[in-house]
Amino acid sequence: DAMVIQNPRYQVTQFGKPVTLSCSQTLNHNVMYWYQQKSSQAPKLLFHYYDKDFNNEADTPDNFQSRRPNTSFCFLDIRSPGLGDAAMYLCATSRDQGRTYEQYFGPGTRLTVT
Amino acid sequence: AQSVAQPEDQVNVAEGNPLTVKCTYSVSGNPYLFWYVQYPNRGLQFLLKYITGDNLVKGSYGFEAEFNKSQTSFHLKKPSALVSDSALYFCAVRDQITGGGNKLTFGTGTQLKVEL
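Computed from a prediction, not measured in an experiment: that's the story for all the values here.

Undergrad: Tell me about the state of the cysteines, residues and numbers included.
TA: Going through the model one piece at a time under the given rule, you end up with two disulfides over all chains. In this model A:Cys23 forms its disulfide with A:Cys91; the gap between the sulfur atoms is 2.0 Å. A torsion of -70° about the S-S bond marks the disulfide between A:Cys23 and A:Cys91 as left-handed. Of this pair, A:Cys23 sits in strand β3 (residues 19–25) while A:Cys91 sits in strand β9 (residues 87–94), and the two are 68 residues apart along the sequence. The exposure classification of A:Cys23 matches that of A:Cys91, with both residues buried. Covalently, B:Cys23 is tied to B:Cys91 through a disulfide, its sulfur atoms 2.0 Å apart. Here the disulfide of B:Cys23 and B:Cys91 is left-handed, its torsion about the S-S bond being about -65°. One end of the pair, B:Cys23, is in the loop between β3 (19–21) and β4 (24–26); the other, B:Cys91, is in strand β10 (residues 87–95), with 68 residues separating them in the sequence. Residue classification places B:Cys23 among the buried residues on the basis of a relative accessible area of 0%. The buried category is assigned to B:Cys91, whose relative accessible area is 0%. No disulfide involves A:Cys74; its nearest neighbouring cysteine sulfur is the one of A:Cys91, lying 6.0 Å away. Given the relative accessible area of 0%, A:Cys74 is considered buried.

Undergrad: Explain unusual backbone geometry to me, using residue names and the numbers behind them.
TA: The peptide bond linking A:Asn7 to A:Pro8 adopts the cis configuration, its omega dihedral lying at -10°. By the element assignment, A:Pro8 lies in the loop between β1 (4–7) and β2 (10–13). You will see that B:Tyr61, though not glycine, has its phi angle at about 60°, which is positive. Positionally, B:Tyr61 belongs in the loop between β7 (56–58) and β8 (64–68). For B:Tyr61, a relative accessible area of 53% puts it in the exposed group. The phi dihedral of B:Thr72 falls on the positive side, at around 45°, and the residue is not glycine. With respect to the helices and strands, the residue B:Thr72 is situated in the loop between β8 and β9 (73–78).

Undergrad: I'd like to hear about the interface of chain A and chain B, residue by residue, with values.
TA: The interface of chain A with chain B comprises 28 residues on the first partner and 26 residues on the second. At the boundary of chain A and chain B, one finds two salt bridges. Where A:Glu57 meets B:Lys103, a salt bridge forms, and the shortest distance between an N and an O atom there is 2.8 Å. Our count for the contact surface shared by chain A and chain B stands at seven residue pairs in polar contact (both at pLDDT 80 or more). Elements supplying a minimum of two residues to the side of chain A that touches chain B: β4 (31–37), β5 (44–50) and β9 of chain A. Ranked by residue count, the leading element in the side of chain A that touches chain B is β4(A), at four residues. The residue inventory of the side of chain A that touches chain B, partitioned by class, reads 13 nonpolar, nine polar and six charged.

About the thresholds
Residues numbered from 1 in each chain as written. Chains lettered and ligands numbered in written order. Predicted model: local features only at pLDDT ≥ 70, side-chain atom pairs only at ≥ 80, totals over all residues. Heavy atoms only, no water. Disulfide = S-S within 2.5 Å. Helix = DSSP H or I, 4+ residues; strand = E, 2+ residues; numbered from the N terminus. Buried < 20%, exposed > 50% of the residue type's maximum accessible area, 1.4 Å probe, protein only. Contact = heavy atoms within 4.5 Å. Salt bridge = Lys/Arg side-chain N within 4 Å of Asp/Glu carboxyl O. Polar contact = N/O pair within 3.5 Å; in protein donor to acceptor, adjacent residues only side chain to side chain. Nonpolar A, V, L, I, M, F, W, Y, C, P; charged D, E, K, R; others polar.

Structural measurements only, silent on function.
Quick look at the structure:
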């Protein structure tokens with residue numbers, strides 16, 4: 001089945017130690033998104049890739065970076081995680097075609113910062 | 001900016017009874033509205049969307065939603081609730097985004113609890 005895959009599902013890192021979260025998709029969607037979700041709050045968009053073009057939300061901290069080496073993969077890099085960065089990180093995809101506006105989400109990576 | 005509001009943090013309903021999870025929206029232009037469900041420690045699952053057309057939209061797992069333009073609402077409904085429907089439900093609206101793609105702005109979520 002076509003899907004959005006996130007690895008790892010759970011990640012523990014130390015304060016200030018860089019961490020990378022990964023996302024892959026078999027849907028062949030051209031748009032990929034990263035969201036941050038804290039303790040049952042609404043997901044908050046960090047940034048997205050439209051094809052190869054990176055688009056950052058205005059309030060996303062510089063500590064968060066992203067890479068998309070090809071259509072299928074996208075990475076979220078947190079350069080110096082703080083305690084406040086502990087959250088669920090959700091990857092999502094969509095196809096920018098017609099009125100297919102819905103996004104498809106991966107299972108998420110729960111990040112713990114110690 | 002577009003926004004949605006979910007006025008109830010939690011909704012409790014008995015199994016077999018109808019359920020309603022409320023959502024109101026505030027948009028400029030035509031609203032593109034969505035419902036997602038999230039189970040514990042999982043990603044969001046798409047349930048249904050309203051883009052245009054019939055005001056009653058049918059989605060996955062027996063859920064449906066009614067778009068009401070005069071009341072600016074998009075309430076999620078199910079005729080007969082199941083215990084397995086217990087989850088966190090998010091209403092969302094398509095928002096403007098730079099660079100292409102579709103930004104979703106989510107409501108604060110409503111925890112649905114279905115009891116035997």
